[in-house]
Amino acid sequence: MLDSGMINKIQKAKEYASEPERIHFSRLEVDFDGKNGNHHVGFDDGRWHCDCDYFRHHHTCSHTMAMERVLGVMAPAEAEAMA
């Protein structure tokens with residue numbers, strides 16, 4: 001059985017989850033299983049990064065764009081500006 005403290009925390013978590021504008025990314029790192037190999041994708045210092053060749057030349061790639069789609073409204077500010 002849940003105690004009242006835990007019930008309050010669960011209710012607060014639901015409230016926070018319904019207000020994603022409260023959350024601000026400062027850094028994010030993921031390993032991405034691409035079709036042609038694995039890649040390291042990150043968001044740091046206000047910018048997306050990916051270790052794939054395409055990103056090096058274009059400053060965006062399918063991996064960073066996929067992260068923007070997965071994160072939706074949670075996407076960091078640079079992602080919203082580029083979408």
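Look a little higher up for the structure.
All values derive from a computational prediction rather than experimental measurement. (Residues numbered from 1 in each chain as written. Predicted model: local features only at pLDDT ≥ 70, side-chain atom pairs only at ≥ 80, totals over all residues. Heavy atoms only, no water.)

A.B. asks: Teacher, can you tell me more about the sheet that holds strand 3 (residues 47-50) here?
C.D. replies: Two strands in a sheet stick together by hydrogen bonds in their backbones, pointing the same way (parallel) or opposite ways (antiparallel). As summarised here, the arrangement of the 3 strands in space is 1-2-3, forming an open sheet in which the pairing is antiparallel. Two strands close off the open sheet at either side, each with one partner strand: strand 1 (27-34) and strand 3. The sheet shows a mean angle of 15° between the axes of neighbouring strands, direction not considered. The sheet contact formed by strand 1 and strand 2 (residues 37-44) spans 8 bridges and is antiparallel. Directly across from Asp-33, in strand 2, lies its bridge partner Asn-38. (Pairing = 2+ DSSP bridges. Helix = DSSP H or I, 4+ residues; strand = E, 2+ residues; numbered from the N terminus. Axes fitted to C-alpha atoms, helices over the stretch in contact; angles between N-to-C directions.)

A.B. asks: Hey, could you run me through the side chain of His-39 in this one?
C.D. replies: Within the secondary structure, His-39 is located in strand 2. A relative accessible area of 17% places His-39 in the buried class. Within the structure, His-39 has its side chain in polar contact with the side chain of Asp-51 (distance 3.1 Å). Not counting the four nearest positions on each side in its chain, His-39 is found in contact with Val-30, Asp-31, Phe-32, Cys-50, Asp-51, Cys-52 and His-63. (Buried < 20%, exposed > 50% of the residue type's maximum accessible area, 1.4 Å probe, protein only. Polar contact = N/O pair within 3.5 Å; in protein donor to acceptor, adjacent residues only side chain to side chain. Contact = heavy atoms within 4.5 Å.)

A.B. asks: Even after reading the chapter, I still don't get the pattern of salt bridges, so can you show me in this structure?
C.D. replies: A side chain of one charge can pair with a side chain of the opposite charge if their charged atoms are brought near each other. Taken as a whole, this structure holds 4 salt bridges when the rule is applied. With a shortest N-O distance of 2.5 Å, Arg-22 and Glu-19 are connected by a salt bridge. Of the residues examined, Arg-22 reaches a relative accessible area of 45% and is grouped as partly exposed. Judged by relative accessible area, which is 22%, Glu-19 ranks as partly exposed. In this structure, Asp-53 and Arg-56 form a salt bridge, with 3.0 Å as the shortest nitrogen-oxygen distance. Taken as a pair, Asp-53 and Arg-56 lie in helix 2 (residues 53-58) at a separation of 3 residues, close to a single helical turn. Each member of the pair, Asp-53 as well as Arg-56, is classed as exposed. (Salt bridge = Lys/Arg side-chain N within 4 Å of Asp/Glu carboxyl O.)

A.B. asks: Looking at this structure, I do not really get the nonpolar core. What am I missing?
C.D. replies: Within soluble globular proteins, side chains that are nonpolar tend to cluster in buried spots. Listed in full, the 12 residues of the largest apolar core are Leu-28, Val-41, Phe-43, Trp-48, Cys-50, Cys-52, Phe-55, Cys-61, Met-67, Leu-71, Met-74 and Ala-75. The set of elements that each furnish at least two residues to this core consists of strand 2, strand 3 and helix 3 (62-71). Not counting residues up to four positions away in its chain, the partners in contact with Phe-55 are Trp-48, His-49, Cys-50, Thr-60, Cys-61 and Thr-64. (Core = buried A, V, L, I, M, F, W, Y, C linked by side-chain atoms within 4.5 Å.)

A.B. asks: Sorry, what's going on with the environment of Asp-33 here?
C.D. replies: Note that Asp-33 resides in strand 1. Sequence-wise, Asp-33 and His-63 are 30 residues apart; in three dimensions their C-alpha atoms are separated by 9.2 Å.

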